[in-house]
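One letter stands for each residue in the lines below.
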Amino acid sequence: MILTVTMNPSVDMMYAMDKLELDTVNRVSDVLKSAGGKGLNVTRVAHQLGSKVVATGLVGGTVGAYIEKDLNQSGINHRFSQIASESRNCLALIHEGHQTEVLEKGPTISKEEATSFLELYRDLLKQANVVTISGSLPQGLPVDFYVLLVSEAEEAGKRVLLDSSGQSLEAVLKSQSKPYMIKPNTEELEALMGVSIQTDDELKVILRDSLFEGIPLIVVSMGADGAFVKYNEIFYRVKIPKITVVNPVGSGDSTVAGMAVAISEGKDILECLKLAMTAGMLNTMEAKTGFVNPDKVDEYLDKIEVIEI
Ligand code: ATP
C-alpha cells in the first residue's frame, strides 16, 4: 500500500462570492469544505486512481475529527496520531476572478507528540511499499524532521517521494538520507539554487549539482509545459497536450499521487512519468482541488510524450 504523510493537515474552506467587501459583513452561500493539506490531496488522488492508501500524520480537536470524518466518507483509510491542540482551518475566498487565501499556521507540536507519531510511522512503514511526504512542517517539529522520516523509510527498504520546499527540503538534501524522488516545480528549484533557469542545458547542470547526488528521480514540474526529469543519469523532457484548465491547484500533489500509484504497481520509468503527468492534468480539469476522474486516465496516458534528451 501507499503511505501518505501529512504533518499539518487542514480543513479547507472555499467561499465563492461575487464581491469581497472590506470593513463590512460578507455573506456566502456557496461553501465547499474538505480535508486538505498537500498530503491529503495526494491521498485522495491515489485512492481515486484505485490504489490502497493509508493516510497518516497529526490531527487534533474538532477540526482533526472533521478531517477523519471526511476521509471516512470517501472510503479512505487513515491512521493519524492525535495531538492536544486543534488542527488548522484554511480559507480560500474566490471573488472577482481572484483567489484570496487565509492560512492558519496550525498547532505547535510537543516532543511527546512527535515521539508518538514516530512510533506509529514505524509501525505503518511495515505495510507500505511507497511513502509520500508532502507539505510543510507544523511548528514545534525540528526543521530536519523529514530527514528522520526519510531515513526510517530507507532503512525499512521503502521508496520515499518527497514533495516539500524551503528549509525542510534543504535539510533532507544536505543529509545522508535520500528519497527516491523529489518533485520541485521550476520556481521551487530556482529558489533552492538561488538562480534563474532558462534552458534545458542549464537545468541539466543544476540537476547534476552535488546537492541532488543519490536521489534517483528528480521531476521538475512545469505546469502546462509538462516536466523536465532526471532519472539516474538520463534526462527526459515530458510533453503534454493542451487542455482546458478549470482549477490547477493541487496538480503537483496529483502528479505525486500518479507517480506513487505507478511505482507501487511496479511500472517502468516511462509508464510512471506518463501516469504522473496524466494525474496532474486530470486534476486541472476538475473544479475540486486534489481530485481526478479516473475514467479519463487511458485517454490522456497515450497523449503524453517522454523524450530522452
Ligand atoms: P501545485 O502547487 O498547485 O500542487 P505544482 O506547481 O507543484 O502545483 P505544476 O508544475 O503546476 O505543479 O503541475 C504539475 C503537473 O500538473 C504538470 O507537470 C502537468 O502535468 C499538470 N498541469 C499543471 N498545470 C497544467 C496546465 N495549465 N495545463 C496542463 N497540465 C497542467
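Reading guide: rules and limits
Residues numbered from 1 in each chain as written. Predicted model: local features only at pLDDT ≥ 70, side-chain atom pairs only at ≥ 80, totals over all residues. Heavy atoms only, no water. UniProt positions renumbered as here; feature names shortened; annotations may be inferred. Pairing = 2+ DSSP bridges. Helix = DSSP H or I, 4+ residues; strand = E, 2+ residues; numbered from the N terminus. Axes fitted to C-alpha atoms, helices over the stretch in contact; angles between N-to-C directions. Near = heavy atom within 4 Å. Polar contact = N/O pair within 3.5 Å; in protein donor to acceptor, adjacent residues only side chain to side chain. Areas by Shrake-Rupley, 256 points an atom, 1.4 Å probe, with all protein chains shown as cover. Nonpolar A, V, L, I, M, F, W, Y, C, P; charged D, E, K, R; others polar. 1 Å grid on protein atoms, 1.4 Å probe; cavity = no way out; pocket = protein on both sides within 12 Å on 5 of 7 lines; lining within 4 Å. Points joined across faces, edges and corners; volume = space filled by probe spheres on them. Core = buried A, V, L, I, M, F, W, Y, C linked by side-chain atoms within 4.5 Å. Buried < 20%, exposed > 50% of the residue type's maximum accessible area, 1.4 Å probe, protein only. Contact = heavy atoms within 4.5 Å. Expected span 1.5 Å × (residues − 1). Arc of directions from axis to C-beta. Phe/Tyr/Trp six-rings, centres within 6.5 Å; stacked < 30°, edge-to-face > 60°. Lys NZ or Arg CZ within 6 Å of the ring centre and 35° of its normal.

Taking an unreviewed UniProt entry as the reference, the chain is identified by name as Tagatose-6-phosphate kinase belonging to Vagococcus proximus. As stated in UniProt under Catalytic activity (unreviewed entry), the record for the chain gives "D-tagatofuranose 6-phosphate + ATP = D-tagatofuranose 1,6-bisphosphate + ADP + H(+)". Heading Pathway (unreviewed entry) of the UniProt record for the chain holds this comment: "Carbohydrate metabolism; D-tagatose 6-phosphate degradation; D-glyceraldehyde 3-phosphate and glycerone phosphate from D-tagatose 6-phosphate: step 1/2."

This next bit is on the sheet that holds strand 7 (residues 88-95). The mixed open sheet is built from four strands, whose spatial order is 3-2-7-8. At either margin of the open sheet sits one strand with a lone partner, and together these are strand 3 (30-36) and strand 8 (98-103). For this sheet, the mean inter-axis angle between neighbouring strands, taken without regard to orientation, is 20°. In terms of strand pairing, strand 2 (residues 10-17) meets strand 7 through eight bridges, oriented parallel. Bridge pairing links S10 to R88 in strand 7.

The next point concerns the site of the ligand. In the vicinity of the ligand there are 21 residues, among which N185, S221, G223, G226 and G252 approach most closely. The side chain of N185 places a nitrogen or oxygen atom 2.8 Å from an oxygen atom of the ligand. In this structure, an oxygen atom belonging to the ligand sits 2.8 Å away from a side-chain N or O atom of S221. In the complex, the protein chains occlude 83% of the 630 Å² of accessible area that the ligand would expose alone. Of all the secondary structure elements, the ones that give two or more residues to the shell around the ligand are helix 8 (251-264) and helix 9 (269-284). Its residues assigned to classes, the shell around the ligand comprises nine nonpolar, 10 polar and two charged.

Evaluated as defined, the whole model comprises one cavity of 30 Å³ or more. By volume, the largest cavity amounts to about 30 Å³. Along its surface, the largest cavity is lined by M7, N8, P9, L58, I83, S87, R88, P107, I109 and P138.

A separate point is the nonpolar core. Y121, V131, I133 and F212 are the most contacted members of the largest nonpolar core, which totals 48 residues. Ranked by residues supplied to this core, first place goes to helix 3 (residues 111-125) with seven residues. For F212, the residues in contact, after removing those within four places along its chain, are L173, I182, L189, L192, M193, I206, L207 and I218.

Attention now moves to helix 2 (residues 61-73). Counted at 1.5 Å a residue, the expected span for helix 2 with its 13 residues is 18 Å, and the 19 Å between its end C-alpha atoms agrees. Burial in helix 2 covers these residues: V63, G64, I67, E68, D70 and L71. Axial view of helix 2: buried residues confined to an arc of 160°, hence all on one face. Away from the buried face of helix 2 by more than 90 degrees, exposed residues T62 and Q73 are located. At the exit of helix 2 stands G75, carrying a positive phi of roughly 70°.

Residues of helix 7 (residues 200-207) that are buried include every one of L203, K204, I206 and L207, and no others. Projected down its long axis, helix 7 carries its buried residues within an arc of 165°, all on one side. Exposed and oriented more than 90 degrees from the buried face of helix 7 are D201 and V205. Elements in contact with the buried residues of helix 7: helix 6 (186-193), strand 12 (217-221), strand 13 (227-231) and strand 14 (234-239).

Glancing now at the packing of aromatic side chains. One pass over the full model with this rule turns up three aromatic pairs. Where F117 meets Y121, the ring centres are 5.9 Å apart and the plane angle is 25°; that geometry is what we call stacked. Here F117 and its partner Y121 are both found in helix 3, four residues apart, which amounts to about one turn of the helix. With a relative accessible area of 0%, F117 lands in the buried category. Look at Y121 and you get buried, because its relative accessible area is 0%. Ring plane angle 40° and centroid distance 6.3 Å describe the contact between F117 and F145, whose orientation is recorded as tilted. Taken together, the positions of F117 in helix 3 and F145 in helix 4 (residues 145-155) put the pair 28 residues apart, joining distant regions of the chain. Each of the two residues, F117 as well as F145, counts as buried. Seen from the ring of Y180, R159 lies directly overhead, with NZ or CZ sitting 4.1 Å from the centre.

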